[in-house]
Amino acid sequence: MKNNANTNVRNDQPEEARSLKTTPDDIIMRLPDGVAIVHENGQVAFINPAGAGILGRPTSEILGNPLQHTVSPGPPTEMDLHGTEGQRTLVEIKAVEIDWGEDTAYLCSLRDISLRKQVERHLKRQVQTERMVASLSGLFLNLAPENTGYAVDECLQRLGEFCQVDRCVLFLLSDDLAVFFPFAEWTGLGMESPLGRDQSMSVQHMPWLWDRLTIFETVLIDTPKGLPVEAKSEREWMHGRRTRSMIAVSVTNGPDPMGFLAFESVRDERGWTEDEIGLLKIAGEIIAKAFIHATKNVDNMAAQRILDALLEGIDSGVLIEDETRKIVRTNSQFSNMFELFESPTLLPGMPTHDLVQEVSSLFAEPEAFVSRTEEIIAAASDLTSERFTMRDGRSISLAYRSLGINEQKKRHLWQFTDATIEDKDEKNLTSYIRRDVLTGFSNRPRLLEDMRLTIEETAGTEDESQLMALLLLDLDDFRSVNTTLGLEAGDSVLRMAAERIRNCVQGGDLLGRIGGDGFGILLTAPAHMAEIERVGRRIIWAIGQPFELDAHIVHIGVSIGISLFPTQGLDVQVLFQQADMALLQAKEQGKANLQVFDKVVCRLTK
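Remember, it's a predicted structure, so these values are computed and weren't measured experimentally.

What counts and what doesn't
Residues numbered from 1 in each chain as written. Predicted model: local features only at pLDDT ≥ 70, side-chain atom pairs only at ≥ 80, totals over all residues. Heavy atoms only, no water. Phe/Tyr/Trp six-rings, centres within 6.5 Å; stacked < 30°, edge-to-face > 60°. Helix = DSSP H or I, 4+ residues; strand = E, 2+ residues; numbered from the N terminus. Buried < 20%, exposed > 50% of the residue type's maximum accessible area, 1.4 Å probe, protein only. Lys NZ or Arg CZ within 6 Å of the ring centre and 35° of its normal. Pairing = 2+ DSSP bridges. Arc of directions from axis to C-beta. Contact = heavy atoms within 4.5 Å. Salt bridge = Lys/Arg side-chain N within 4 Å of Asp/Glu carboxyl O. Axes fitted to C-alpha atoms, helices over the stretch in contact; angles between N-to-C directions. Parallel < 35°, antiparallel > 145°, perpendicular 65-115°, else oblique. Nonpolar A, V, L, I, M, F, W, Y, C, P; charged D, E, K, R; others polar.

**Regarding the packing of aromatic side chains**
Evaluated as defined, the whole model comprises twelve aromatic pairs. Residues Phe183 and Phe291 carry aromatic rings whose centres are separated by 5.1 Å and whose planes lie at 90 degrees to one another, so their mutual orientation is edge-to-face. Note that Phe183 is positioned in strand β7 (residues 179–187) and Phe291 in helix α10 (residues 274–294), a separation of 108 residues in sequence. Take Phe291: its relative accessible area is 0%, and that puts it in the buried class. Both rings, one in Tyr400 and one in Trp414, keep their centres 4.7 Å apart while their planes meet at 65 degrees; by these two values the pair is edge-to-face. Taken as a pair, Tyr400 in strand β15 (residues 395–402) and Trp414 in strand β16 (residues 411–418) lie far apart in primary sequence, 14 residues in all. When sorted by exposure, Tyr400 lands in the same class as Trp414, which is buried. Taken together, the aromatic side chains of Phe171, Phe180, Trp210, Trp237 and Phe260 make up a single cluster linked through ring pairs. One Lys or Arg, Arg125, reaches over the ring of Phe162 and ends 4.0 Å from the middle of that ring. Over the aromatic face of Phe547 sits the side chain of Arg500, whose NZ or CZ is 3.7 Å from the ring centroid.

This is the structure:
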């Protein structure tokens, strides 16, 4: 009765009076920070509403389940959460040991520090950007004019590495404002440099880019597909450079345009931040001042640097002649291509016509080669590419262009390229594109094509009845790795799983990644069915071993579906369909299991 009376009195009191008698439990439940109690085994015994909100799950899903983060007394630790819609939350956890009944537990405070970390990263990036600007300015401080080109090269490298772009390039205008020339370029690791090809741009043929650089001083292109109809030439130019995204800023001397500085993304399409745009603009201003200080004739310096860039490190043979049609310079590749001279230093001063006559004997049709080169010289117009066949069967591509430095000093460039090498490079590039970057395996289209070619090669031979087996693999419980530990951890598991699979097969077998966590294997020469099953069991055992990821141990499995050639199918698509049906049956039978299409299920147990 006394308790009931007291209860009535409390309800009759004003809200302010009642709040003075709030219990500790009420305070904990109303705290803005998360509070949780976690057993030694990691299971959550209690969590307040703020904590559940921070973790992004209902209280009912949290209580009694593991926190999915190691809890221990000491300094605060950070927990990285990835939401179902891709959002990321960074949680700071601080724990103290407490007695919870007869057990030991941890009282944990949970705090969302995502915004704080974001601000810290932004401030850190600002400091780094300021240091980068100081670094770029220091490159040109008290610099001798003849070293300006080297400082520009270093400037582009620092810019590219700092902003993690694929390519950073500086284009300068000719003195008549008619052509953009590539003055200097930096490319990231593994990226192909287009320098050495005809990468100059006629301003007249690039009106859209020129107008925007002149008016807005900045041009952002997220993808060539988004360019308007009137930017057709710009789209083709980007495709020629394999550029998927670009940002360009104008480089000027006061109101007079000098060229533009650009970041290019080749691997993928990307957006450009305000910090990157601002840094690129500052770099453009620094470079412009350096050029103005180094020389009053920036175009002459640009032309010389272009010639140097063309001659350094390219596979093509290059010949440069002056306005009198005498050779000024060649590179060693030119001499090696025609096998005429031990050193390119022996050629300068020789009339180009005499050299053409001398090398013409190496061509399948000497007179036609001489006649065509004379026509090119007489026309004095640029030639992008024309093929000539050599006596030894090589196909040589010839390009010709007038450098047009100024009216008093003209230069003409001849570029000879072995087309066989170009074809080989194209084939290698295609092979690289069709390979899964994460695992190094073939992607699905390439695996299908390699399987088809392998089967076709056995047709009509003694091996046409050779037993082959297609194994389709699907990792069990892999999705939980991405969910609990993050995408980077998932990628690490995929790489390790791929290596284990590789170690289970022979060198002549075909390997491919056919989906997010799916793989395909063609065993090209198994001796019998028992060997196929042994390979499958070996893979199941290998994938079933623990994966060590820093402080985490990950356990997954793999299910396998198998179809056989030629007994069950002669067509690649049919074999894939059958193996996929067998994989579904294996999944239904349970984990760590393989199933041969229309055969007895082989169940493995640890």
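From this point, the narrative continues.
**A closer look at the pairing of strand β19 (residues 510–513)**
Alternating residues of β19 divide into Leu510 and Gly512 and Leu511 and Arg513, and every residue in both groups is buried. In the sheet, β19 pairs with strand β20 (residues 518–523) via four bridges, with the strands oriented antiparallel. Bridging across to β20, Gly512 finds its partner in Gly520.

**A few points about helix α9 (residues 232–240)**
Along α9, the residues that are buried comprise Glu234, Trp237 and Met238. Buried residues along α9 cover an arc of 100 degrees about the axis, so they all sit on one side. Structurally, α9 contributes buried residues whose contacts are with β6 (167–173), β8 (201–202), α8 (207–215), β9 (218–221) and β10 (245–253). Taken from the residues just after α9, Arg242 is the one with a positive phi, measuring 60 degrees.

**Let's talk about the pairing of strand β14 (residues 383–389)**
Each regular strand displays side chains that alternate between the two surfaces of the sheet. In terms of strand pairing, β14 meets β15 through five bridges, oriented antiparallel. Each bridged residue has a counterpart across the sheet, and for Phe388 the counterpart in β15 is Ile396.

**Regarding the pattern of salt bridges**
For the structure shown, the criterion picks out 24 salt bridges. Between Lys117 and Glu78 there is a salt bridge; the shortest N-O distance is 2.9 Å. Residue Lys117 is found in helix α6 (residues 114–139), and its partner Glu78 is found in strand β3 (residues 77–82); the two are separated by 39 residues along the sequence. Among the residues examined, Lys117 registers a relative accessible area of 18% and is labelled buried. For Glu185, the salt bridge identified is with Arg167, shortest N-O distance 3.8 Å. In this pair, Glu185 sits in strand β7 while Arg167 sits in strand β6, placing the two residues 18 residues apart along the sequence. The same class applies to Glu185 as to Arg167, namely buried.

**A word on the packing of helix α7 (residues 148–163) against α10**
Any two packed helices are characterised by the angle at which their axes cross and by the distance between the axes. At a minimum axis separation of 11 Å, α7 and α10 run at an interaxial angle of 175 degrees. Classified by the angle their axes make, α7 and α10 are roughly antiparallel. Listed contacts from α10 to Thr148, Val152, Cys155, Leu156, Leu159, Phe162 and Cys163 of α7 are Glu276, Leu279, Ala283, Ile287, Ala290, Phe291 and Ala294. Partitioning the contact of α7 with α10 into residue classes produces twelve nonpolar, one polar and one charged.

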